[in-house]
Protein chains: 2
Amino acid sequence: MSVKKALMIIVDGMGDRIVKRYNKTPLEIAEIPNMDRMAKEGLCGLMSPLGLGKRCGSDTAIMSILGYDPYKYYTGRGPLEAAGCGINIDDALCFRCNYASVDRNLVLLSRTADQFNAPKELEDEINKISLPVEFEFRNSLGYRCVLVLRNKNKILSDDISDIYAHEGERVGSIVPKKKFKAWMDLTYVASEDSNAVFTAKVLNDFLRKSNEVLNNHPINIERAVKGEIKANYILPRGGGFKPKMELFYDKYGLKAACISAIGLVKGIGVLTGMEVLKVENATGYIDTDLIAKARSAILALEKNDFCILHIEGTDEVSHDKDAEKKIKMLEKVDKMIAYLMENLKDTLIVVLADHTTSCDYGDHTADPAPFVMWNGDFVPDRVEKFCEREIYKGGLHRIEGKDVMPIILDQINKATKFGT
Amino acid sequence: MSVKKALMIIVDGMGDRIVKRYNKTPLEIAEIPNMDRMAKEGLCGLMSPLGLGKRCGSDTAIMSILGYDPYKYYTGRGPLEAAGCGINIDDALCFRCNYASVDRNLVLLSRTADQFNAPKELEDEINKISLPVEFEFRNSLGYRCVLVLRNKNKILSDDISDIYAHEGERVGSIVPKKKFKAWMDLTYVASEDSNAVFTAKVLNDFLRKSNEVLNNHPINIERAVKGEIKANYILPRGGGFKPKMELFYDKYGLKAACISAIGLVKGIGVLTGMEVLKVENATGYIDTDLIAKARSAILALEKNDFCILHIEGTDEVSHDKDAEKKIKMLEKVDKMIAYLMENLKDTLIVVLADHTTSCDYGDHTADPAPFVMWNGDFVPDRVEKFCEREIYKGGLHRIEGKDVMPIILDQINKATKFGT
């Protein structure tokens, strides 16, 4: 009899290209006996969330993997991050932001203010700023934060540019820009829409005022005294309104839980009505407590049918071009998987990457991401090891994000038959 | 030079999962040297008729394999079965039915009245019932039968529920139900449409009156005396109007023939304008005469370009969870294939399953179905044996139902070139 529940472990940016100085991929180098066992006993494939050759973010990838076509639903990362911070985003224009560092000429010194860990008192100060619309500013994780503008009088627009922000150059302003075709197209044309003009003005106002508040705050004065750069600028990005996503339960009939340290994944959980769990010492980095997350997943699956367990650290160190840390993190993930294989009975375990992140290139690429399912009811393939090269012979061959949930539903016997 | 004709052998539910007590699939266990030879010399792939993870019936699967998108054309199994019985279904609401057995409280004793083999005289008695619309009732094969309501005054509707019928429970009534979104969605909402209300009333009337006729018929009196359960209830399902399918010849320029024991496949043949052949001793079960069917196919291909040869027994015994019988039936199919390989020259032979039916689970699953083509003009792959695990390395990789006819047309040189 087939299993009835499923755990989906999303190892962010796990797949990779060949790391030049090793002539191997991190998955080929790492000691990961448990993932290898999964590959040997399970069914593997390579997944391109949005189709071959399409580079995607974690947000669009995870949406597509859960069956929410991002070309239809995605409105930017802002609303996902904001929802993930627990903010009500109904009828609000939402931005994910960074605490950054600029000099007195607004030249960007660091996009993260040197991995600033923002204290609550800065959040409170910024919320005291006066703007022509109601707003809410919240710290998220580390240097990450969110800004939500309330659209009570329907005078805000998401037809605005992102901010130009490259280290060593002066930060730009936000300008009204008509989003051309669809947001995901990077081509913009100027907008003269009065709501867009107003929205850009409000944001630029916020940037100026928050810069002033932060520059003069004792925390930053003290940092300057210690010779550290100030965390004195808020960089907003990914502005958008709340996406209209169907509830996960209504879509699949599955009670679901979501475990992640980072806002965007928690946001997808919140917006699809999952139970979003908080795990102590889940940091979104390689120092995270994966066994705590695994324990949380095991508990979650006692009362849910489906659980996402998302791990961010692999992607973070890939962006940092640090293959050694990625290999170590993969080995840490493997130990968590051993714990889950041991302690989760009667559950399909799916391990996948949302996308591939190249350590040499330092960003996401469109190479398909490794996928394995284990402990289901299927004919295993002949893959012997969990790595990109071996999974080329995986029995699932190549799949897309949209295929993942149907495959899981079939495995846990929740698929309906079309026809007789 | 490539072959000009093609035979498509549809082995219903041939694919399987691992049968637990053997730790192998039926195809891995069966002695099938001829299919193995086909796999070795031919080109293999795994087919998901409606896409990965989608469970389908034989009706929707075979429609998709022949290039008729079931999401567009399928209106239920009723009209296919009725057309397959040779009934004119123009402007008629059609149901596939079972002769079933109920006790005096209408508790369902057997969905098939213990595999009742219905005699013509019962059909005649039921046709004498008086209903407010013209109708036609016909025995099909064994316990299977069809009911067709003529929609002369356009007062019938297919917005009605199936009948609730679970053994050990009282059978339900048919109620007017608006089919929600698309019919394939299992969620219905109540309908107050007067045609739907009327149609449900006519059907419930039919159920009551046919129950009365059958209960008192000498055949059933005699069965009761012998201690057998009565075949005293008609269970209608899959109600729908005639699907508007383009003729196969108009679509592909191929004269086609169809060989099957079962109504739904014959119905697809009838509705697409194929020559539907009758074969003596084709029973739709494992006792069928496959050599007779093979001879019929060879004859059919003398005057046709394309022939479907459908074999039902493999699916029947999979639903019965009888892996031993499935293995035996596969070996019987293999002997038929030997006969065809020997006697059919200059013909592409395609052997495929419409879907996978798991012997352990007893129903269709979404695992992809094995596919091989042989005696064509292509570069063979390195598959050595005809079984699910080996076909993971098939050169066609994974295909969908819609890909099958284009591949065949290319092989028999009937494909047109797009561009120059």
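A brief report on the enclosed structure follows. (Residues numbered from 1 in each chain as written. Chains lettered and ligands numbered in written order. Predicted model: local features only at pLDDT ≥ 70, side-chain atom pairs only at ≥ 80, totals over all residues. Heavy atoms only, no water.)

Points about the sheet that holds strand β11 (residues 275-277) of chain A
All names here are of chain A. With mixed pairing, the eight strands of this open sheet are ordered in space as β11-β10-β12-β1-β13-β16-β2-β17. Pairing within the sheet leaves two strands with one partner each, and these edge strands are β11 and β17 (398-400). Sheet twist, expressed as the mean angle between neighbouring strand axes with direction ignored, is 25 degrees. (Pairing = 2+ DSSP bridges. Helix = DSSP H or I, 4+ residues; strand = E, 2+ residues; numbered from the N terminus. Axes fitted to C-alpha atoms, helices over the stretch in contact; angles between N-to-C directions.)

A closer look at the relation of the copies chain B and chain A
When chain B is fitted to chain A, the residual RMSD is 0.1 Å, and the transformation amounts to a turn of 123 degrees plus an axial shift of 0.1 Å. The transformation just described matches what one would write down for a three-fold rotation axis. (Least-squares fit on C-alpha atoms with pLDDT ≥ 70 in both.)

Focus: empty space enclosed by the protein
Scanning all chains against the criterion turns up three cavities of 30 Å³ or more. By volume, the largest cavity amounts to about 160 Å³. In this structure, the largest cavity is lined by 18 residues; those nearest its centre are Leu43 of chain A together with Ala366, Asp367, Pro368 and Arg398 of chain B. When residues in the lining of the largest cavity are grouped by element, the largest group, three residues, is from helix α15 (residues 401-411) of chain A. Each residue belonging to the lining of the largest cavity can be placed in one class, and the counts come to 11 nonpolar, two polar and five charged. (1 Å grid on protein atoms, 1.4 Å probe; cavity = no way out; pocket = protein on both sides within 12 Å on 5 of 7 lines; lining within 4 Å. Points joined across faces, edges and corners; volume = space filled by probe spheres on them. Nonpolar A, V, L, I, M, F, W, Y, C, P; charged D, E, K, R; others polar.)

A few points about the interface of chain B and chain A
Each side of the interface is counted separately: chain B has 36 residues, and chain A has 24 residues. Carbon and sulfur atoms make up 53% of the surface buried where chain B meets chain A, a total of about 2600 Å² over both sides. Taken together, the connections running from chain B to chain A amount to six salt bridges. Between Asp363 of chain B and Lys417 of chain A there is a salt bridge whose closest N-O contact spans 3.0 Å. Counting every contact that joins chain B to chain A gives 19 residue pairs in polar contact (both at pLDDT 80 or more). For the side of chain B that touches chain A, the secondary-structure elements that each account for two or more residues are β3 (55-56), α3 (58-65), α4 (70-73), β16 (363-365) and α14 (388-391) of chain B. Grouping the amino acids of the side of chain B that touches chain A by side-chain chemistry returns 13 nonpolar, eight polar and 15 charged. (Contact = heavy atoms within 4.5 Å. Buried area = accessible area lost by both parts, 1.4 Å probe. Salt bridge = Lys/Arg side-chain N within 4 Å of Asp/Glu carboxyl O. Polar contact = N/O pair within 3.5 Å; in protein donor to acceptor, adjacent residues only side chain to side chain.)

Describing the sheet that holds strand β1 (residues 5-11) of chain B
Residues and elements named next belong to chain B. Ordered in space as β12-β11-β13-β1-β14-β17-β2-β18, the eight strands form an open sheet in which the pairing is mixed. Two strands close off the open sheet at either side, each with one partner strand: β12 (275-277) and β18 (398-400). Taken pair by pair, the neighbouring strands of this sheet meet at an average axis angle of 25 degrees, ignoring direction. In terms of strand pairing, strand β11 (residues 256-259) meets β12 through three bridges, oriented parallel. Residue Ile259 lies in a different strand from β12, and its bridge partner there is Leu277.

Considerations on the packing of aromatic side chains
All names here are of chain B. For the coordinates displayed, the defined rule picks out 16 aromatic pairs over all chains. Judged by centre distance (5.8 Å) and plane angle (70 degrees), the rings of Phe135 and Phe206 are edge-to-face. Taken together, the residues span a long stretch of sequence, with Phe135 in strand β6 (residues 135-139) and Phe206 in helix α7 (residues 194-215) at a distance of 71 residues. Looking at Phe206, the relative accessible area reads 0%, which means it is buried. Here Phe137 and Phe206 contribute two aromatic rings whose centre-to-centre distance is 6.2 Å and whose plane-to-plane angle is 40 degrees, an arrangement assigned as tilted. In this pair, Phe137 sits in strand β6 while Phe206 sits in helix α7, placing the two residues 69 residues apart along the sequence. (Phe/Tyr/Trp six-rings, centres within 6.5 Å; stacked < 30°, edge-to-face > 60°. Buried < 20%, exposed > 50% of the residue type's maximum accessible area, 1.4 Å probe, protein only.)

Overview of the environment of Ile18 of chain B
Relative to the elements of secondary structure, Ile18 of chain B occurs in the loop between β1 and α1 (26-29). Since its relative accessible area comes to 10%, Ile18 of chain B is described here as buried. Between the alpha carbons of Ile18 of chain B and Ser358 of chain B there is a distance of 8.2 Å; along the sequence they are 340 residues apart. Among residues more than four places away in sequence, those in contact with Ile18 of chain B are Phe378, Val379 and Pro380 of chain A together with Asn23, Lys24, Thr25, Asp360 and Arg389 of chain B.

Considerations on the pairing of strand β17 (residues 369-374) of chain B
Residues and elements named next belong to chain B. Burial analysis of β17 places six of its six residues in the buried class, which makes it a mostly covered element. The pairing of strand β14 (residues 347-352) with β17 spans four bridges and is antiparallel. Looking at β17, one finds that Leu352 is bridged to Phe371.

Quick word on helix α11 (residues 290-303) of chain B
All names here are of chain B. Between its terminal C-alpha atoms α11 stretches 21 Å, which fits the 20 Å expected from 14 residues at 1.5 Å a residue. Those residues of α11 lying buried are Leu290, Ala292, Lys293, Ala294, Ser296, Ala297, Ile298, Ala300 and Leu301. Turning to α11, the residues buried within the fold contact β1, β11, β12, β13 (306-311), α13 (323-343) and β14. Structurally, the start of α11 carries an N-cap: the backbone nitrogen of Ile291 is 3.2 Å from a side-chain oxygen of Asp289. (Expected span 1.5 Å × (residues − 1).)

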